[in-house]
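Close look at the chain arrangement
What follows is each chain in one-letter form.
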Amino acid sequence: MTLSAAFNAVKSSNLVSWKSTGRLQQTLVGCIEKSGKTLHSGKVSTVRLWPEFAGKGRYFEFRSKLIPASIDFAKESPLCTTLCKEGVGVRTVEHLLSALEAQGVDNCKIEIRNLDGDDHEVEVPIFDGSASAWVEAIEQVGIKEALDQHGNNAEKVAPYLNEPVYVQINDSFVAAFPSPKVHISYGIDFPQVPAIGCQWFSAHLEDSCYSMNIASSRTFCIYEEVEFIRNAGLIKGGSLENAIVCSASKGWLNPPLRFPDEPCRHKLLDFVGDLSLFARNGSQGLPVAHMVAFKGGHALHVNFARRLSGIT
């Protein structure tokens, strides 16, 4: 039996147990409002983050529709993660959700709208291509204990992995193992782009690790692929101000990097955002496990979350 077959033989219903983290659910102290250009549509959108009752979790409000930040509403989309419900969608949610999950904002209403259109799909602003703008705004407004409608606090639970699990798409994979703490090891490999090459970054997401070592890592792209991606109708708002760009022959076109392994750290940032969709009713989304990802992307991350949820 192959490694993949052995992992997949484990029944999904037994993969996780929801247990107390020893903490209480949290929410924002006040409202956060930020506007900016979006990466793929190139339009400008405004996002307002509002405090929410304990147990409500994180959800988007767009065109009077409520879209939970849940794996149940994740849609396959190129180069980003999109949530859809009842004919409306919110695109490129991963950086914002990554910051909310890592900073412990368990309950939050995310109101979003286009400033230059009334489409059925809206996109979260890209800012500098990292999660720094969201982390800084959260730290500035502050976090408090979330209470329900009756004034009671609520225990925060997390999914603890019981058995190993493995998900693969071509030569990309996520393998996860039971662990007493959240530990993520992420690897990327771009042999055709020597300035990037093969990189690994590993972190325990505790205390200020995320805000200091992960949040400021920016999205990246390969210069020789930009024209093809734009011809596909994507990255209309992309620029050297909101991504780091690397050429196969010339190296980085807009240095300096914030970390020598910034591309790898950004993949871990995306991973946290995508796995936040596993959260339920104000719980933690990130599984308490040692997760090892290699050459992943949003589709693989979402497939892993679906595997944990028992969605086939």
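Just so you know, the residues in each chain are numbered from 1, in the order the chain's sequence is written. Only residues with pLDDT of at least 70 get local features here, since the model is predicted, and only at 80 or more are side-chain atom pairs given and counted; chain-wide, interface and lining totals rely on the full set of residues. Values shown for side chains rest on all heavy atoms present in the structure; no hydrogens or waters enter the calculation.

Moving on, we come to the overall build of the protein. Runs of H or I in DSSP of at least four residues are treated as helices and runs of E of at least two as strands, each being numbered from the N terminus. Across its full length, the protein holds seven helices and 21 strands. What the globule rule says is 2.2 Å times the number of residues to the power 0.38, and the radius of gyration is computed from C-alpha atoms. The globule rule puts the C-alpha radius of gyration for 312 residues at 20 Å, and the 19 Å found for the protein is close to it. Taking the principal axes of its C-alpha atoms as reference, the protein extends roughly 60 × 55 × 35 Å. Every one of the 312 residues in the protein was classed for burial, and the buried ones make up 54%. Whether two residues are in contact is decided by their heavy atoms: any pair within 4.5 Å suffices. Of the contacts formed within the protein by residues at least 6 apart in sequence, a portion of 75% connects residues at least 24 apart. A 1.4 Å probe and the Shrake-Rupley method give the accessible areas. Residues count as covered only by the protein chains that appear here. As displayed, the protein has an accessible area near 13400 Å², and 51% of this comes from carbon and sulfur atoms. By the counting rule applied here, Lys and Arg register as positive and Asp and Glu as negative, while His and the ends of each chain are not counted. By convention, the charge on Lys lies at NZ, on Arg at CZ, on Asp at CG and on Glu at CD. On the protein, the mean spot of the 30 positive side-chain charges and the mean spot of the 34 negative ones are 2 Å from each other. Per-residue accessibility, obtained with a 1.4 Å probe over protein chains only, is compared with the maximum for each type, and a residue is labelled buried under 20%, exposed over 50%, and partly exposed between these values.

To continue, consider the packing of helix α6 (residues 262-275) against helix α7 (residues 298-309). Interhelical geometry of α6 versus α7 gives an angle of 40 degrees and a closest axis separation of 9 Å. Classified by the interaxial angle, the pair formed by α6 and α7 is oblique. Relative to α7, the crossing made by α6 is right-handed. Contacts between α6 and α7 pair K267, D270, F271, D274 and L275 from the former with H298, H301, F304 and A305 from the latter. Charged means Asp, Glu, Lys or Arg here, nonpolar means Ala, Val, Leu, Ile, Met, Phe, Trp, Tyr, Cys or Pro, and polar covers whatever is left, Gly included. By residue class, the composition of the contact of α6 with α7 is four nonpolar, two polar and three charged. Axis lines are fitted to C-alpha atoms, over the contacting stretch for helices. Their N-to-C directions set the angle, which ranges from 0 to 180 degrees. Any angle from 65 to 115 degrees is called roughly perpendicular, while one under 35 is roughly parallel, one over 145 is roughly antiparallel, and all others are oblique. Handedness of a crossing follows from how the near helix is turned relative to the far one, being left-handed for an anticlockwise turn of less than a right angle and right-handed for a clockwise one.

Once that is clear, we can look at unusual backbone geometry. P256 follows P255 through a cis peptide bond whose omega is 5 degrees. Positionally, P256 belongs in the loop between β20 (251-252) and α6. In this model, E86 sits at a positive phi of 55 degrees, which is unusual for a non-glycine residue. Even without being glycine, T92 reaches a positive phi, approximately 60 degrees. Its location among the elements puts T92 in the loop between β9 (88-91) and α2 (94-103).

Here the focus is α2. Within α2, nine of the 10 residues are buried, which leaves it mostly tucked inside the rest of the structure. Turning to α2, its buried residues are E94, H95, L96, L97, S98, A99, L100, E101 and Q103. Looking one or two places after α2, you find G104, whose phi comes out positive at around 80 degrees.

The next subject is α7. To estimate how far a helix should extend, the number of its residues minus one is multiplied by 1.5 Å. In a regular helix each residue adds 1.5 Å, so 12 residues correspond to 16 Å; α7 covers 16 Å between its end C-alpha atoms and thus fits that length. In terms of burial, α7 is a largely internal element, nine of the 12 residues being buried. Where α7 is concerned, the buried positions are H298, L300, H301, V302, F304, A305, R306, R307 and L308. Two residues or fewer after α7 comes G310, characterised by a positive phi angle close to 80 degrees.

Below, the discussion takes up the pattern of salt bridges. Take a side-chain nitrogen of Lys or Arg and a carboxyl oxygen of Asp or Glu: if they are within 4 Å of each other, that pair is a salt bridge. For the coordinates displayed, the defined rule picks out 14 salt bridges. With a shortest N-O distance of 2.9 Å, E33 and R48 are connected by a salt bridge. Placement of E33 in strand β3 (residues 32-37) and of R48 in strand β4 (residues 44-51) is noted, with a sequence separation of 15 residues between them. Among the residues examined, E33 registers a relative accessible area of 48% and is labelled partly exposed. With a relative accessible area of 19%, R48 lands in the buried category. R91 serves as the salt-bridge partner of E121, at 3.6 Å between the closest nitrogen and oxygen. Placement of the pair is E121 in strand β11 (residues 121-123) and R91 in strand β9, with a sequence separation of 30 residues. A residue is classified by how much of its surface remains accessible, and R91, at 16% relative accessible area, is buried. A single network of salt bridges, built from pairs that share partners, joins E33, R48 and E111.

For the rest of this paragraph, the subject is the environment of I184. Residue position: I184 is located in strand β16 (residues 183-190). By relative accessible area, which is 0% here, I184 ends up buried. Not counting chain neighbours up to four residues away, the residues in contact with I184 comprise F201, S202, A203, L205, L268, F271, V272, L286 and M291.

Once that is clear, we can look at the confidence of the model for the protein. Caution is warranted with low-pLDDT regions, since their predicted coordinates should not be read in detail. pLDDT is defined as a per-residue confidence score from the predictor, taking values between 0 and 100. Across the protein, the average pLDDT comes to 94, with 95% of residues at or above 70. Across residues 1-12, confidence stays below pLDDT 50; counting only partners more than four residues off in sequence or on other chains, it has 18 contacts.

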